[in-house]
Amino acid sequence: MSTAAVAAPTRTGQVLADLLPASRVRDIALVVGGAALTGLAAQIAVTVPGSPVPVTGQTFAALLVGTALGAGRGVAALALYALAGLAGVPWFAGGSHGIGVSFGYILGMLLASAAVGALARRGADRSMPRMAGTMLVGSAIIYAVGVPYLALSAGMSFSAAVAAGLTPFLIGDALKAALAMGLLPTAWKLLDK
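Source: prediction; values computed, not measured.

> Any chance you could break down the packing of helix α3 (residues 58-69) against helix α8 (residues 170-191) for me, citing the residues and the numbers?
For the pair α3 and α8, the least separation of the axes is 10 Å and the interaxial angle reads 30°. Classified by the angle their axes make, α3 and α8 are roughly parallel. Seen along the crossing, α3 lies across α8 with a hand that is right-handed. Between α3 and α8, the contacting residues are Thr59, Phe60, Leu64 and Thr67 on the first element and Asp173, Lys176, Leu179, Ala180, Leu183 and Leu184 on the second. Across the contact of α3 with α8, the residue classes tally to six nonpolar, two polar and two charged.

Printed below as a string of structure tokens:
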């Protein structure tokens, strides 16, 4: 057997969280931690002139949680985040809670965490180009739910909702994607050494 065949273990079908020793306690801690990370990242909020939706770290955290935890735990973490915010925990963007005009983005994050988690399980978090595609898919899902919800809840036309709830966020999303493109593939490379 060659040394190349022995050197790097195969981790196909795994996400980063799977590398921790398996237990119910691990899964509960990861779900609660994922929800808390999303809530903390939502507090990094910058008001966008002309938009009722701020730029936050929340979408980055939600996509990172889904990718690192996998679809099941990622959805559970984002569901916990959403339900706790609905119950009054002030950890939506800027310390808000309850249903507001940006709640559609939270619903989109929940769905996006499932998609990026499933893609990560297929190895989409192992290289920069594949991670870029994963972030693009996740972001598209978030906007596909968030923008129409914004239009309906704020009484805007769809084009006004795109102008207020999508266009101003594209540069920030590109920066978040670049960060994820460096972070997750690098983590895998370090773990495979």
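From this point on, the discussion continues.
> Lay out the layout of surface pockets in plain terms, naming residues and giving numbers.
Reported here for the largest pocket is a volume of approximately 150 Å³. Taken together, 14 residues form the lining of the largest pocket, with Phe92, Ser96, Gly100, Val101 and Ser102 sitting closest to its centre. Residues of the lining of the largest pocket, tallied by class, amount to eight nonpolar, six polar and no charged.

> Explain the packing of helix α2 (residues 24-41) against helix α4 (residues 71-86) to me, using residue names and the numbers behind them.
When two helices pack together, you describe them by how their axes are tilted relative to each other and by the distance separating the axes. Two elements in contact, α2 and α4, have axes whose closest approach is 8 Å; the angle formed by their N-to-C orientations is 50°. Here α4 runs oblique to α2, going by the angle between their axes. Our pair here, α2 against α4, has a crossing hand that is right-handed. On the side of α2, the interface is formed by Arg26, Asp27, Leu30, Val31, Val32, Gly34, Ala35, Thr38 and Gly39, while α4 contributes Arg73, Ala76, Ala77, Leu78, Leu80 and Tyr81.

> Give me the lowdown on the nonpolar core, citing residues and values where you can.
Counting residues in each nonpolar core, the largest one holds 43 residues, and the members touching the most others are Leu78, Tyr81, Tyr105, Ile106, Met109 and Met135. Contributing elements (two or more residues each) for this core: α2, α3, α4, α5 (103-121), α6 (128-154) and α8. Once residues lying within four places of it in the same chain are set aside, the contact partners of Met109 are Gln58, Thr59, Ala62, Leu78 and Ile142.

Cut-off values and rules
Residues numbered from 1 in each chain as written. Predicted model: local features only at pLDDT ≥ 70, side-chain atom pairs only at ≥ 80, totals over all residues. Heavy atoms only, no water. Axes fitted to C-alpha atoms, helices over the stretch in contact; angles between N-to-C directions. Helix = DSSP H or I, 4+ residues; strand = E, 2+ residues; numbered from the N terminus. Parallel < 35°, antiparallel > 145°, perpendicular 65-115°, else oblique. Left-handed = near helix turned anticlockwise from the far one by under 90°. Contact = heavy atoms within 4.5 Å. Nonpolar A, V, L, I, M, F, W, Y, C, P; charged D, E, K, R; others polar. 1 Å grid on protein atoms, 1.4 Å probe; cavity = no way out; pocket = protein on both sides within 12 Å on 5 of 7 lines; lining within 4 Å. Points joined across faces, edges and corners; volume = space filled by probe spheres on them. Core = buried A, V, L, I, M, F, W, Y, C linked by side-chain atoms within 4.5 Å. Buried < 20%, exposed > 50% of the residue type's maximum accessible area, 1.4 Å probe, protein only.

Interpretation note: all reported values are geometric properties and have no functional meaning in isolation.
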